[in-house]
Amino acid sequence: MKKTINRYHFAAIDSTNSWAKQNTHLFDPTGVSLVTAEKQISGRGRGTNRWVSPAEHNVYASFCFFIPKDFSHLHNVAQLLAVSASRMMESRGFRPKLKWPNDIMLSEKKAGGILCEIQEVQGIYCVVAGIGLNVNMPKESMFEIEQQVTSLFLENGEKTLNVEEVVQDLLRHFCEDLDVFLKEGFAPMLRFYQEHLMHQEMQQMRFRDAKNQWKGNFHSLNADGSLNILLPSGEIKRFTAGEYTNPKERRG
Ligand code: BTN
């Protein structure tokens, strides 16, 4: 059955994810709530990173929905949203790639990122899947980001896109994918995800998880979306979370 959609839109907000987490009581437990803003004052990235969120240029959106606590594919929600965003971008002629686990890349630069947060509300989980997508961001607004970034505008011959139309497209793709995901898990999206992964077999990787830094080579992806890295010792180590860091890239 099609889910009801409720929209909460703000001209400016600290962070759509933070607002969503503080207002789960407003959300329809059977529907999808979408929180968007034109500008975020304290946009948050993964870990301790901030997400630079200037006014009007970009999509700042949090998709919120409820999931039973025993749903076994919860760890794939961020990858699911990365797939939906990539499908949306492809339908508009872009050629996105995915950096494991869920960075959205164009021309090997980051165009979008996802921060997925889960909160228990009255015995079930409320998922807040936040996405920042650089839509019309010009080069001059990127100076404070210490990472190689780009926008749809820059990759599209400096043609401006309508941000609200991008939000609507993304919402449509995400709701389609979420319906399938809630019934069948991540398996139906795995092929798309795998085909769009930017990492090539044996590519050298630096990688950090919550505790350690690792060096190794990309080995493979598992059916549950986790990553295998071949360590110099010959051990193949499986990661369910972490961050790939390109030795050539700087990071904020
Ligand atoms: C990353 O570090 O790659 C994740 C970035 C996630 C940014 C989005 S913008 C909408 C939502 N609200 C936030 O504060 N963060 C996420």
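That block above? That's the structure.
Model, not experiment: these values are computed from the prediction.

1. A look at the site of the ligand
Taken together, 18 residues lie near the ligand, and Ser15, Gln40, Arg44, Arg46 and Lys110 sit nearest. Contact between the ligand and Ser15: an oxygen atom at 2.8 Å from a side-chain N or O atom of the residue. Arg44 places a main-chain nitrogen or oxygen 2.7 Å from a nitrogen atom of the ligand. Coverage of the ligand by the protein chains reaches 99% of its 420 Å² of free accessible surface. Of all the secondary-structure elements, those providing two or more residues to the shell around the ligand are helix 1 (16–22), strand 6 (109–121) and strand 7 (124–133). No other element matches strand 6, which puts four residues into the shell around the ligand. Across the shell around the ligand, the residue classes break down as five nonpolar, nine polar and four charged.

2. Things to note about the environment of Glu201
Mapped onto the fold, Glu201 is located in the loop between helix 4 (187–196) and strand 8 (204–208). What makes Glu201 exposed here is its relative accessible area of 66%. Placed 136 residues apart in sequence, Glu201 and Phe65 show a C-alpha to C-alpha distance of 35 Å. Not counting the four nearest positions on each side in its chain, Glu201 is found in contact with Phe218 and His219.

3. Here we look at the sheet that holds strand 1 (residues 5–10)
Backbone hydrogen bonds are what pair the strands of a sheet, in a parallel or an antiparallel way. Strand order in the open sheet made by the seven strands is 1-2-3-7-6-5-4, with mixed pairing throughout. Strands at the two margins of the open sheet, each flanked by one partner only, are strand 1 and strand 4 (97–99). Across the sheet, the mean angle from the axis of one strand to that of its neighbour is 20 degrees, orientation sign disregarded. Looking at chain direction, strand 3 (residues 59–67) and strand 7 are connected through nine bridges and run antiparallel. Following the sheet pairing, Val59 is matched in strand 7 by Leu133. Lying on the sheet, helix 2 (residues 77–91) is in contact with strand 3, strand 4, strand 5 (103–106), strand 6 and strand 7; it crosses strand 7 at an angle near 40 degrees.

4. Considering the sheet that holds strand 10 (residues 227–230)
With respect to topology, five strands assemble into an open sheet ordered 11-10-9-8-12, the strand pairing being antiparallel. Each end of this open sheet is capped by a strand with a single partner; those strands are strand 11 (236–239) and strand 12 (243–245). The mean inter-strand angle of the sheet, taken between neighbouring strand axes irrespective of direction, is 50 degrees. As judged from the four bridges shared by strand 10 and strand 11, these two strands associate in the antiparallel manner. The partner of Asn228 across the bridge, within strand 11, is Arg238.

5. Notes on the nonpolar core
Membership of the largest hydrophobic core comes to 56 residues, with the highest contact counts inside it found for Val59, Phe63 and Ile131. When sequence neighbours within four positions are dropped, the list of residues in contact with Val59 reads Ile131, Gly132, Leu133, Val135, Val163, Val166, Val167 and Leu170. If you look at the next biggest cluster of nonpolar residues, it comprises eleven residues, including Ile13, Phe27, Val35 and Cys126.

6. Considerations on the packing of aromatic side chains
Throughout the structure, instances matching the rule amount to eleven aromatic pairs. By the ring-pair criterion, three or more aromatic residues cluster together here, those being Tyr8, Phe10, Trp19 and Phe27.

7. A look at the pairing of strand 8
Judged by which residues are buried, strand 8 turns out to be one-sided: Met205 and Phe207 face inward and are buried, whereas Gln204, Arg206 and Arg208, on the alternate face, are not. Here strand 8 pairs with strand 9 (residues 213–221) via five bridges, running antiparallel. Looking at the pairing, Gln204 lines up with Asn217 of strand 9. Judged from the three bridges that link them, strand 8 and strand 12 form a sheet pairing that is antiparallel. Counted as the bridge partner of Arg208 is Glu243 from strand 12.

8. Here we look at the pattern of salt bridges
Overall, the coordinates contain 13 salt bridges when judged by the stated rule. Arg44 is the salt-bridge partner of Glu117, the closest N and O atoms lying 2.8 Å from each other. Of this pair, Glu117 sits in strand 6 while Arg44 sits in the loop between strand 2 (32–37) and strand 3, placing them 73 residues apart in sequence. Residue classification places Arg44 among the partly exposed positions, given a relative accessible area of 32%. One salt bridge in this structure joins Arg92 and Asp169, with 2.9 Å as the shortest N-O distance. Taken together, the residues span a long stretch of sequence, with Arg92 in the loop between helix 2 and strand 4 and Asp169 in helix 3 (residues 163–184) at a distance of 77 residues.

Rules of the game
Residues numbered from 1 in each chain as written. Predicted model: local features only at pLDDT ≥ 70, side-chain atom pairs only at ≥ 80, totals over all residues. Heavy atoms only, no water. Near = heavy atom within 4 Å. Polar contact = N/O pair within 3.5 Å; in protein donor to acceptor, adjacent residues only side chain to side chain. Areas by Shrake-Rupley, 256 points an atom, 1.4 Å probe, with all protein chains shown as cover. Helix = DSSP H or I, 4+ residues; strand = E, 2+ residues; numbered from the N terminus. Nonpolar A, V, L, I, M, F, W, Y, C, P; charged D, E, K, R; others polar. Buried < 20%, exposed > 50% of the residue type's maximum accessible area, 1.4 Å probe, protein only. Contact = heavy atoms within 4.5 Å. Pairing = 2+ DSSP bridges. Axes fitted to C-alpha atoms, helices over the stretch in contact; angles between N-to-C directions. Core = buried A, V, L, I, M, F, W, Y, C linked by side-chain atoms within 4.5 Å. Phe/Tyr/Trp six-rings, centres within 6.5 Å; stacked < 30°, edge-to-face > 60°. Salt bridge = Lys/Arg side-chain N within 4 Å of Asp/Glu carboxyl O.

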